[in-house]
Amino acid sequence: MKTPEFADVLAARRVIAEHLPPTPAWHYPVLDAAVGAEVWVKHENVQPVGAFKVRGGITLLASFTAEQLAKGVVAASTGNHAQSVAYAAALFGAPCTIVMPEKANPAKAASVRALGARLVLEGEVFDECCEIAERIAAETGAYFVNSGEESALIAGVATATVELLERAPDLDAIFVPVGSGTGVAGACIAAAELAPGCRVIGIQSAQAPSAYESWRTGTLVDRPNRTAIEGLSTGHSFALPQAVMRALLYDFLLLDDGEIRAAQRLLLSAAHTMAEGAGAAALAGLWARRAEYEGRRVGVICSGGNASEPELAAVLAIATAAETSAGR
Ligand SMILES: Cc1ncc(COP(=O)(O)O)c(C=O)c1O
């Protein structure tokens, strides 16, 4: 599988523009004041399926022949790669099967069903779903859309960073959540071309650090997958995004799930934004490094907004940053 280049990102952008408008990027006075920096939030949570992944699914399926589309597609996911593939399959008329964990986020499962895909709820975590999905693909002849090892997915999701840098060209850094690594790899490719001085920094959960450890050690490693942050939940790592990260990623942070939940709360209270956990991980990374970025202009990719109702209730119970600093 070939590493995508910036030309592939531009081609993806032309394809996506036929189907989706650009998403907004703003900075918010209360959030800026809380962080002490100008914080540009790239709003992928407002995509029709509530997450940036849809850019990848559209880019990939747009490249399929009629024969490939007719054979159908299969994907495994905690829900946003699932929605991306199901959305694109509906758009291009391909039969689609999605495998999600038994205890998947009901909002994501409902969306996959509403998009007309066949939904298989089987396996405890994402990694088990991958094995099931690969088996279904082998049995049916459908194409298995690997969530990490797919050049078109990286080129597609990179368009979110292109849009962000067009809106805010002189960012000092962009923080990006990492699961399989397609989003951060895409951000690296886009920033290297459009804003070479801009640092790209990845964030992963310390409760599922496979991508971080692979980047740090320079070899692909598996790690226990115990995070409750759905989009960051993977126990294995992916060669294609890792190759890009090794070449271009400035830094990579591990944060506890609790720190990511606190950033979800901050987005709600300071930026009128409902993010899911993974969608708030970038802000959690900036929050952890806020002393270093004081007075700077920083992008955070709010990659998704598909929080479940119990997740939101738990987030609302967390004290806001302002309450914590006031000692309440
Ligand atoms: C909302 C959200 N953010 C971030 C990620 C991580 O993206 P990637 O797998 O491209 O690293 C995901 C993955 O599904 C996601 O759904």
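The rules we used
- Residues numbered from 1 in each chain as written.
- Predicted model: local features only at pLDDT ≥ 70, side-chain atom pairs only at ≥ 80, totals over all residues.
- Helix = DSSP H or I, 4+ residues; strand = E, 2+ residues; numbered from the N terminus.
- Rg over C-alpha atoms; globule rule 2.2 N^0.38 Å.
- Buried ≥ 20, exposed ≤ 12 C-beta atoms within 10 Å, placed from the backbone.
- Contact = placed C-beta atoms within 7 Å.
- Core = buried A, V, L, I, M, F, W, Y, C linked by C-beta atoms within 7 Å.
- Near = placed C-beta within 6 Å.
- Pairing = 2+ DSSP bridges.
- Axes fitted to C-alpha atoms, helices over the stretch in contact; angles between N-to-C directions.
- Parallel < 35°, antiparallel > 145°, perpendicular 65-115°, else oblique.
- Left-handed = near helix turned anticlockwise from the far one by under 90°.
- Expected span 1.5 Å × (residues − 1).
- pLDDT = per-residue confidence, 0-100.
- Domains from an automatic or database assignment.

### A word on the overall build of the protein
Within the protein, the regular secondary structure consists of 15 helices and 10 strands. Relative to a compact globule of 328 residues, whose C-alpha radius of gyration would be 20 Å, the protein shows 18 Å and is just as compact. The dimensions of the protein, computed from C-alpha atoms along their principal axes, are 60 × 40 × 40 Å. Every one of the 328 residues in the protein was classed for burial, and the buried ones make up 56%. Intrachain contacts of the protein at a sequence separation of at least 6 include 75% that bridge at least 24 residues.

### As for the nonpolar core
Ranked by size, the top nonpolar core spans 115 residues in total, and within it Ile98 and Ile174 carry the most contacts. At 10 residues, helix α8 (residues 151-167) tops the list of elements feeding residues into this core.

### Details of the site of the ligand
Lining the immediate environment of the ligand, one finds 18 residues, of which Asn80, Gly179, Gly231, Ser303 and Gly304 sit closest. Only α5 (80-92), α9 (182-194) and α13 (277-288) provide two or more residues apiece to the shell around the ligand. Looking at the shell around the ligand element by element, the count peaks at 3 residues for α9.

### A word on the sheet that holds strand β9 (residues 251-255)
Ordered in space as β1-β2-β10-β7-β8-β9, the 6 strands form an open sheet in which the pairing is mixed. The open sheet terminates on both sides in strands that have one partner only, identified here as β1 (25-26) and β9. As paired strands, strand β7 (residues 173-177) and strand β8 (residues 199-205) are joined by 5 bridges and run parallel to one another. Bridge pairing links proline 177 to isoleucine 203 in β8. Docked against the sheet, α9 engages β7, β8 and β10 (297-302), running at close to 160° with respect to β7.

### Focus: the packing of helix α3 (residues 54-62) against α8
Look at α3 against α8: their axes get within 7 Å of each other, and the N-to-C directions meet at 135°. As summarised for this structure, α3 and α8 are arranged oblique, according to the angle between their axes. For the pair α3 and α8, the crossing hand works out as right-handed. In this structure, α3 uses Arg55, Gly56, Ile58, Thr59 and Leu60 to contact α8, whose residues at the interface are Ala152, Leu153, Ala155, Gly156, Val157, Thr159 and Ala160.

### Some remarks on α9
For α9, with 13 residues, the first-to-last C-alpha span of 18 Å sits near the 18 Å given by 1.5 Å per residue. Across the 13 residues that make up α9, a large majority, 10, are buried. Every buried residue of α9 is accounted for by Thr182, Gly183, Val184, Ala185, Gly186, Ala187, Cys188, Ile189, Ala190 and Ala191.

### Some thoughts on the confidence of the model for the protein
Chain-level statistics for the protein give a pLDDT mean of 96 and a share of 97% at 70 or above. Between the elements of the protein, mean pLDDT differs from a low of 57, seen in helix α15 (residues 321-325), to a high of 99, seen in β7.

### Comments concerning helix α11 (residues 239-248)
Listed in full, the buried residues belonging to α11 are Leu240, Pro241, Gln242, Val244 and Met245. Lining the buried residues of α11 we find α8, α9, β8 and α10 (210-217).

### Brief notes about the environment of valine 54
Note that valine 54 resides in helix α3. Judged by the 28 C-beta atoms lying within 10 Å of it, valine 54 is buried. C-alpha separation for the pair valine 54 and tyrosine 87, spaced 33 residues apart in sequence, amounts to 7.1 Å. Beyond its immediate stretch of four places on either side in the chain, valine 54 contacts Gln47, Pro48, Val49, Gln83, Ser84 and Tyr87.

### Some words on the domain arrangement of the protein
Splitting the protein by domain gives domain 1 (6-52 + 150-325) and domain 2 (54-144). Just the C-alpha atoms count here: the centres of domain 1 and domain 2 sit 23 Å apart. Across the boundary between the two partners, domain 1 contributes 28 residues, which contact 23 residues of domain 2. When contributions to the side of domain 1 that touches domain 2 are tallied by element, the ones reaching two or more residues are α1 (6-17) and α8.

### Things to note about the sheet that holds strand β6 (residues 143-144)
Spatially, β5-β4-β3-β6 is the arrangement adopted by the 4 strands of the open sheet, whose pairing is parallel. Each edge of the open sheet carries a strand with a single partner, namely β5 (118-121) and β6. Bridge count between strand β3 (residues 73-76) and strand β4 (residues 96-100): 4 bridges; the pairing is parallel. Looking at β4, one finds that alanine 76 is bridged to valine 99.

### Brief notes about unusual backbone geometry
Positive phi, normally seen in glycine, also occurs at histidine 272, with a value near 50°. Relative to the elements of secondary structure, histidine 272 occurs in the loop between α12 (257-271) and α13. Classification of histidine 272 by C-beta neighbours within 10 Å gives exposed; the count is 12.

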